[in-house]
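Structural description and commentary
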Amino acid sequence: MGALVTSIRHASAEPSLEVDLGAVAANTRRFVALARGEVMAVVKADGFGHGLGDVARTAVAAGATWIGVTSLAEAVAVRESGVDVPVLSWLNPVDVDVRTAVRYGIDLSVPSLRHLAVIEQAGPVRVHLQLDTGMARDGAAPQDWLALMSAARRAELAGKISVVGVMGHLPCADTPGANAGGRRALLRGVEMARQAGLRPSVRHLAATSAALTDPGSHLDVVRIGAGLVGIDPSGTTRLRSALRFTAPVVQVRRVEAGCGVGYGHSHVTERATTLALLPVGYADGLPRAASGHAEVFLGGRRRRVAGVISMDQVVVDVGDDVVVPGDEAVVFGPGDDGEPTVAEWARWAGTIPHEIVTGIGARVWRHVR
Ligand SMILES: Cc1ncc(COP(=O)(O)O)c(C=O)c1O
């Protein structure tokens, strides 16, 4: 079902996103097999655009024993989807609704003394102490870690928190050999936690790239997001893509040479040709920055998108071939039949595949299989 609720009849061919949960399951099993410890399935941002509950349930059925998300709202949605493994929410404001976390059995990260002060008031809560291991982003700065450990120990002794884990994140995991600093920082952080009297049993640092290329960083749990949905940021293997994005041709016209196409006439036809119109644009997740490079699969082969990608539509040049309204174009898919892939769209737009899969618009109909 699409995210838009309407009472109109659903046309036989709408812009549609097909999600292949079999691919998610296969990718999950790969990570479960290669991980030295356990696998946390990261389903933030609506399961990387593939459906939060669907991806969470599929990953758990395929062997993941943790679920990870950023916000508490996402964590609650995971619980409500019927998942009963531990769920960690690692990015929250200082006034996070701790009572809701407790009610739903959600683990919270603790990146600062201010977070700890709020969390301990509503405890007992299971927490993961979060150290910045080189991102200068989320997590406690190294100079604040000692004070956080002492305060966490006091809170634990008072029965307000239970320190389950220590977590960090690697800044350059796609670069071979670049994890040593982050690994050292996390292990030093764990050691300091132990010296403070804490006994975290779950150390976690690696995401998809490090899980694939650097077993030394696996520790107790690897947090896998991109890899579950077929994205390999390390470029070292081939995972199964889970999305197929299609759109119907809604109009076809024959034009002469010298015809300006779309806004600004950035494309002018060199010869007489046939143009097919698809009702999808940047509001549906086709990045405007891919204009001039993008292709779709239509009528048995690749076709160039002509002119600038509009908010709701793109024009495709099909030359002298016959295409009729109702024909289906594949915007992207796994690539097995010659259609463009998510990775190609990312390259055309000068971005990463993650941005493409999380950017599909709300009016695209979703079908899960
Ligand atoms: C803290 C943290 N852990 C794990 C992940 C999952 O990373 P990946 O998608 O590379 O598996 C993310 C995603 O950005 C993250 O922010």
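Fair warning: this is a prediction, and the values are worked out from it, not measured in the lab.

1. Structural notes on the UniProt feature "modified residue: N6-(pyridoxal phosphate)lysine" (unreviewed entry) in the protein chain
Under the local residue numbering, the UniProt record ascribes the feature "modified residue: N6-(pyridoxal phosphate)lysine" (unreviewed entry) to K44. With respect to the helices, strands and loops of the structure, K44 is situated in helix α2 (residues 44-49).

2. Side note on empty space enclosed by the protein
Summed over the entire model, instances satisfying the criterion amount to 1 cavity of 30 Å³ or more. Counted as a void, the largest cavity has a volume near 40 Å³. Every residue along the wall of the largest cavity is listed here: S89, W90, L91, N92, V96, L108, S109, P111, H115 and I119. Looking at the lining of the largest cavity residue by residue, the class counts come to 6 nonpolar, 4 polar and no charged.

3. Focus on the packing of helix α7 (residues 142-157) against helix α8 (residues 180-195)
Put simply, α7 and α8 touch, their axes get as near as 9 Å, and they point 35° apart. The way α7 lies across α8 gives a crossing that is right-handed. Note on element contacts: α8 touches α7 through G189, M192 and A193, opposite W145, L146 and M149. Looking at the contact of α7 with α8 residue by residue, the classes come out as 5 nonpolar, 1 polar and no charged.

4. A word on the environment of V322
Inspection of the secondary structure puts V322 in the loop between β17 (314-319) and β18 (328-332). The spatial distance from the C-alpha of V322 to the C-alpha of A185 is 61 Å, given a sequence separation of 137 residues.

5. Points about the side chain of N179
Here N179 shows up in the loop between β7 (161-167) and α8. In this structure, N179 is in contact with L170, C172, A173, A210 and D214, ignoring residues within four places of it in sequence.

6. Observations regarding the nonpolar core
Formed by 107 residues in total, the largest nonpolar core has its most connected members in L129, F332 and W345. Residue assignment places this core across two domains, with domain 1 (4-17 + 242-368) and domain 2 (21-229) each supplying three or more. Excluding its chain neighbours within four sequence positions, the residues that come into contact with W345 are L286, P287, A290, A294, E295, V296, I309, V331, F332, P340 and I356. Membership of the second largest hydrophobic core comes to 6 residues, among which are V255, V261, A306 and V315.

7. With respect to the pattern of salt bridges
Side chains carrying opposite charge are able to pair once their charged atoms draw close together. Scanning all chains against the criterion turns up 19 salt bridges. Between R126 and D107 there is a salt bridge, with its nearest N and O atoms 2.7 Å apart. Taken together, the positions of R126 in strand β6 (residues 125-130) and D107 in strand β5 (residues 106-110) put the pair 19 residues apart, joining distant regions of the chain. Overall, the relative accessible area of 37% leaves R126 in the partly exposed class. With a shortest N-O distance of 2.8 Å, R303 and D321 are connected by a salt bridge. Note that R303 is positioned in strand β16 (residues 301-306) and D321 in the loop between β17 and β18, a separation of 18 residues in sequence. Overall, the relative accessible area of 2% leaves R303 in the buried class. Here the salt bridges do not stand alone but share partners, grouping E18, D20, R240 and R369 into one network.

8. Some thoughts on unusual backbone geometry
The backbone phi angle of A45 is positive, close to 50°, even though this residue is not glycine. Inspection of the secondary structure assignment puts A45 in helix α2. Since its relative accessible area comes to 39%, A45 is described here as partly exposed. For A136, which is not a glycine, the phi torsion comes out positive at approximately 50°. In this fold, A136 is placed in the loop between β6 and α7.

9. Brief notes about the packing of aromatic side chains
A full pass over the atoms with the stated rule returns 2 aromatic pairs. Both rings, one in F245 and one in F332, keep their centres 5.5 Å apart while their planes meet at 75°; by these two values the pair is edge-to-face. Residue F245 is located in strand β10 (residues 243-248), and its partner F332 is located in strand β18; the two are separated by 87 residues in the primary sequence. For the cation-ring pair, R223 lies above W90, with the distance from its terminal atom to the ring centre recorded as 5.7 Å.

10. Some details on the pairing of strand β1 (residues 16-19)
Examined bridge by bridge, β1 and strand β19 (residues 365-368) share 4 bridges and lie parallel to one another. Paired with E18 across the bridge in β19 is H367. Summarising the sheet, β1 and β10 pair through 4 bridges and their orientation is antiparallel. By the bridge assignment, S16 is partnered in β10 with T246.

So, how was this worked out
Along each chain, the written sequence defines residue order, and numbers are assigned to residues from 1. It should be noted that, the model being predicted, local features are given only for residues of pLDDT at least 70 and side-chain atom pairs only at 80 or more, the latter also being counted only at that level, while totals for whole chains, interfaces and linings use all residues. Side-chain figures throughout are based on the complete set of non-hydrogen atoms in the structure, without hydrogens or water. UniProt positions are given in the numbering used here, feature names are shortened, and annotations may be inferred rather than shown by experiment. The way it works is that DSSP assigns letters per residue, a run of H or I at least four long becomes a helix, a run of E at least two long becomes a strand, and they are numbered from the N terminus. A pocket here means an open set of points on a 1 Å grid, computed over the protein atoms alone, that has protein on both sides within 12 Å along at least five of seven lines. A cavity is instead a set of points where a 1.4 Å probe fits but cannot get out; residues with an atom within 4 Å of a point line either one. Grid points are joined across faces, edges and corners, and a volume is the space filled by probe spheres set on the points. All residues other than Ala, Val, Leu, Ile, Met, Phe, Trp, Tyr, Cys, Pro, Asp, Glu, Lys and Arg, Gly among them, are scored as polar; the first ten of these are nonpolar and the last four charged. Throughout, an axis means a line fitted to C-alpha atoms (over the contacting stretch in the case of helices), and angles, computed between N-to-C directions, take values from 0 to 180 degrees. Take the far helix as your reference; a near helix turned counterclockwise from it by less than a right angle gives a left-handed crossing, and one turned clockwise gives a right-handed crossing. Contacts: residue pairs with any heavy atoms within 4.5 Å of one another. As used in this record, nonpolar core signifies buried Ala, Val, Leu, Ile, Met, Phe, Trp, Tyr and Cys residues forming a set joined through side-chain atoms within 4.5 Å. Burial classes: relative accessible area under 20% of the type maximum marks a residue as buried, over 50% as exposed, and values in between as partly exposed (1.4 Å probe, protein chains only). For the purposes of this description, domain bounds are those given by an automatic or database domain assignment. For this document, the term salt bridge refers to a Lys or Arg side-chain nitrogen within 4 Å of an Asp or Glu carboxyl oxygen. For Phe, Tyr and Trp, where Trp contributes only its six-membered ring, two rings pair if their centres lie within 6.5 Å, and the inter-plane angle classes them as stacked under 30 degrees, edge-to-face over 60, or tilted in between. Definition used: whenever NZ (Lys) or CZ (Arg) falls within 6 Å of the ring centre and also within 35 degrees of the ring normal, the charge is taken to sit over that ring. Pairing between two strands requires that DSSP report at least two bridges joining them.

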